[in-house]
Amino acid sequence: MKTLRVAGAQLNLVVGDIAGNRDQILAAMEWAESLEADALLTPELAITGYPPEDLLHRRAFVDANLAALDEIAAASGDVMTVVGYVDRVDDAVRVANGLDDSVDRSLANAAALVRGGRHVGTYHKVLLPNYGVFDEDRYFVRGTAPGAVWDLDGVLIGVSVCEDIWRADGPPCRQAGAGAAVLLNINASPYHADKGDERAELIAGEARRSGVPVVYLNLVGGQDELVFDGDSMVFAADGSALYRAAQFAVERFAVDVPVLAPDEAAPGPPRPLLEHATPAPRLGPEAEVYAALVTGLRDYVGKNGFTGAVVGLSGGIDSALTAAIAVDALGPEAVWGITMPSRYSSVGSVEDSADLASRLGCRFDVLPIDDIFSAYLDTLKGVFAGAEEGVAEENIQARIRGAMLMAVSIKFGGIVLATGNKSEMAVGYATLYGDMVGGYAVLKDVFKTLVYRLAEWRNREREVIPLSILTKAPSAELRPDQKDSDSLPPYDVLDRILELYVEDDLSPDAIVAAGLPADLVSEVTAMVDRNEYKRRQAAPGVKITTKAFGKDRRLPITNRFRG
């Protein structure tokens, strides 16, 4: 038995920042050399960032990524570094994939092995996910050498990429069968709630099944709607955990992994074993989701060059939680809360908004909109004459507020954060160009019942979100004595129906069979179906479930199927 010192660089990379990503990889390589590591893992598509999407159709982008790989290879030393990148394939690989000249697809999702100033090996991802948020079959061809292994100082290693390890008979299993003494898997695996436990079970199972240790290295950070949670892990051959890295944090780690080596392997000079690092404590359910939301917002704002965030504070729970997340992600000095009372706003809502901003330490302004609202009504009175007052007048107020927030954003540079939650977005309880205004929707994939749990979790040590906000009945305050319950079922019932219909894709009949009231099921599913056009125009937001609106759930706007 000997040990292989495997280092991991759990990096936060940026799509398209090839020079910046290269520099992060080079810094990690220098660090791994200082530890006398045998191997260093970097994330899937580390050079390009993940997912590069249609940038892959640009020749200059692929060329720049290949040039960066050449620089990385030239800088490599004694450590065998595994680098994620985009490779071009030859005609033989295209033919093996059943492609003819009519299909313009000649790229591979690849891992390069670099050492001693050279590019010494290449692995092409074999299993290409094409579900949910993944479109890899749109860009890449499958690798044709799933069982390939490489010699690292007398120890055979198997290198694979992300999805390759998610199938029991996938490439890592074949590599172990070909003699690999350790399996190295690089990833850009997006987060959703409870995925960490699913991954750990998967990787431990692969170690036991193959009978060799497995090192799983994941990306960290936010990219548009996706959040990558890190949570890299190392499992011994018996499936026991040797190490798990932090969630939602950049981290470098190294583990001396026990491996079986051939008898003829050179022993090499003695080297003191690393002290076992203490794994970061695992986050609980609410803490995990909250960290994902903070990470997604922080990176969306930072990577896109915004100076801060503007939040419309209504005195309600959604805007309060959004503001708290924004302050935790960006700092109080970068968050600007604005409340915009109308004739229907309660005094308590304004006071609660001011109290929240004071507790968060962010800037706060009151911009009354009633005079503007009156001007709208006066201008429209001839057109509206004889018509009953209703939703049109309610939406005017929401759209005035949206215009005010966007004015502040354009004048001073902060991004407007939409504050709607998944329950509201599902049933269309939101105003286009009103409360849906914004460049990013932090709670877009968060059901209302979870909003309350997250707010209570945020208040676990001190009262950040005033209890008066947590305990008041939800209301849009766009007409006298308005309550959400006037238009929607109780949120616990609504969210259960939405989970079954949106996330589990159950039919209305199946949802009724699960014990939900038939009349409410019919009402709610109809609302979901007819509001697809609104959701299509909504801002992007952090994905935390298995079926987020947007890339995950893709339905036609024009659609008459019901069932």
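Our subject is the structure listed above.
Residues numbered from 1 in each chain as written. Predicted model: local features only at pLDDT ≥ 70, side-chain atom pairs only at ≥ 80, totals over all residues. Heavy atoms only, no water.

### What about the nonpolar core?
Put simply, the rule is: Among buried residues, the Ala, Val, Leu, Ile, Met, Phe, Trp, Tyr and Cys ones that are joined through side-chain atoms within 4.5 Å form a nonpolar core. With a 1.4 Å probe rolled over the protein chains alone, any residue whose accessible area is under 20% of its type maximum counts as buried; one over 50% counts as exposed, and the rest are partly exposed. Strands are runs of DSSP state E lasting at least 2 residues, helices are runs of H or I lasting at least 4, and numbering of each runs from the N terminus. Residues count as neighbours in contact if any of their non-hydrogen atoms are within 4.5 Å of one another.
Counting residues in hydrophobic clusters, the biggest one holds 48 residues, and the most contacted among them are Leu293, Leu297, Ile325, Leu417, Ile465 and Ile544. When residues of this core are traced back to their parent elements, those giving at least two are α6 (285-303), β15 (309-312), α7 (317-330), α8 (347-360), β18 (415-418), α12 (448-458) and α13 (467-471). By residue number, the principal contributor to this core is α7, which donates ten residues. In this view, Ile544 contacts Tyr191, His192, Ala193, Val289, Ala292, Leu293, Asp445, Val446 and Leu450; residues no more than four positions away in its chain are not counted. Ala37, Val62, Ile72 and Leu219 belong to the second largest nonpolar core, which has 41 residues in total.

### Structural notes on the pattern of salt bridges
Here is the rule: For this document, the term salt bridge refers to a Lys or Arg side-chain nitrogen within 4 Å of an Asp or Glu carboxyl oxygen.
Going through the model one piece at a time under the given rule, you end up with 34 salt bridges. For the salt bridge of Asp231 with Arg282, the shortest nitrogen-to-oxygen distance reads 2.9 Å. Of this pair, Asp231 sits in the loop between β11 (226-229) and β12 (233-235) while Arg282 sits in the loop between β14 (251-259) and α6; the two residues are 51 residues apart in sequence, bridging distant segments of the chain. Given a relative accessible area of 37%, Arg282 falls into the partly exposed group. Of the charged contacts in the structure, one is a salt bridge between Glu286 and Arg453, with a shortest N-O distance of 3.2 Å. Remark: Arg453 occurs in helix α12 and Glu286 occurs in helix α6; sequence separation between them is 167 residues. Glu286 gets classed as partly exposed once you look at its relative accessible area, which sits at 21%. Owing to a relative accessible area of 39%, Arg453 belongs among the partly exposed residues under this scheme.

### Points about the packing of helix α14 (residues 491-503) against helix α16 (residues 518-530)
Each pair of packed helices gets described by two things: the angle between the helix axes and the distance between those axes. Note the threshold: Only the stretch in contact is used when a helix axis is fitted, and all axes are lines through C-alpha atoms; the angle between N-to-C directions ranges over 0 to 180 degrees. Between 65 and 115 degrees an angle is taken as roughly perpendicular, under 35 as roughly parallel, over 145 as roughly antiparallel, and anywhere else as oblique. Here is the rule for handedness: rotate from the far helix to the near one, and if that takes an anticlockwise turn smaller than a right angle the crossing is left-handed, while a clockwise turn gives right-handed.
Between α14 and α16, the shortest axis-to-axis distance is 10 Å and the interhelical angle comes to 60 degrees. It follows from the interaxial angle that α14 and α16 lie oblique. Viewed along their axes, α14 and α16 form a crossing whose handedness is right-handed. Facing α14, whose interface residues are Val493, Leu494, Ile497, Leu498, Tyr501 and Val502, α16 presents Leu520, Val521, Val524, Thr525, Val528 and Asp529.

### Quick notes on the sheet that holds strand β3 (residues 80-88)
Condition: Should DSSP find at least two bridges between two strands, the strands are taken to pair.
Here six strands make up an open sheet; going across it, the order is β5-β4-β3-β2-β1-β14 and the pairing mixed. Of all strands in the sheet, those bounded by a partner on one side alone are β5 (118-124) and β14. Going from strand to strand, the sheet's axes swing by 30 degrees on average, the running direction of each strand aside. Where strand β1 (residues 2-10) meets strand β2 (residues 39-41), three bridges bridge the pair, whose relative direction is parallel. Bridge pairing links Gly8 to Leu41 in β2. Across the face of the sheet, helix α2 (residues 59-75) comes into contact with β3, β4 (107-115) and β5 while running at roughly 160 degrees to β3.

### Remarks on the packing of aromatic side chains
As a reminder, the rule being used: Here a pair means two rings of Phe, Tyr or Trp (six-membered ring of Trp) with centres within 6.5 Å. Their orientation is stacked below 30 degrees between planes, edge-to-face above 60, and tilted elsewhere. Should the NZ of a Lys or the CZ of an Arg lie within 6 Å of a ring centre and within 35 degrees of the ring normal, that charge is described as sitting over the ring.
In this structure the tally under the stated criterion is eight aromatic pairs. Ring centres 5.4 Å apart and planes at 70 degrees place the aromatic pair Tyr131 and Phe134 in the edge-to-face group. Since its relative accessible area comes to 45%, Tyr131 is described here as partly exposed. You can call Phe134 buried: its relative accessible area is 12%. Above the plane of the ring of Phe549 lies Lys422, whose end atom (NZ or CZ) is 5.6 Å from the centre. It is Arg460 that lies over the ring of Trp457; its NZ or CZ is 3.8 Å from the centre.

### With respect to the environment of Gly315
Within the fold, Gly315 resides in the loop between β15 and α7. What makes Gly315 buried here is its relative accessible area of 4%. The spatial distance from the C-alpha of Gly315 to the C-alpha of Ala354 is 8.5 Å, given a sequence separation of 39 residues. When near neighbours in sequence (up to four residues on either side) are disregarded, Gly315 contacts Ser349, Asp352, Ser353, Ile469 and Lys472.

### Let's talk about the pairing of β4
Most of β4 sits inside the fold, with eight of its nine residues counted as buried. Relative to β4, β3 is paired through eight bridges, and the arrangement is antiparallel. Across the sheet, Val82 pairs through a bridge with Leu113, a residue of β4. Taken together, the six bridges between β4 and β5 define a ladder with antiparallel strand orientation. What sits directly across from Ala110, in β5, is His124. In this antiparallel pair of consecutive strands, β4 and β5, the connection spans two residues, and Gly116 shows a positive phi of 60 degrees.

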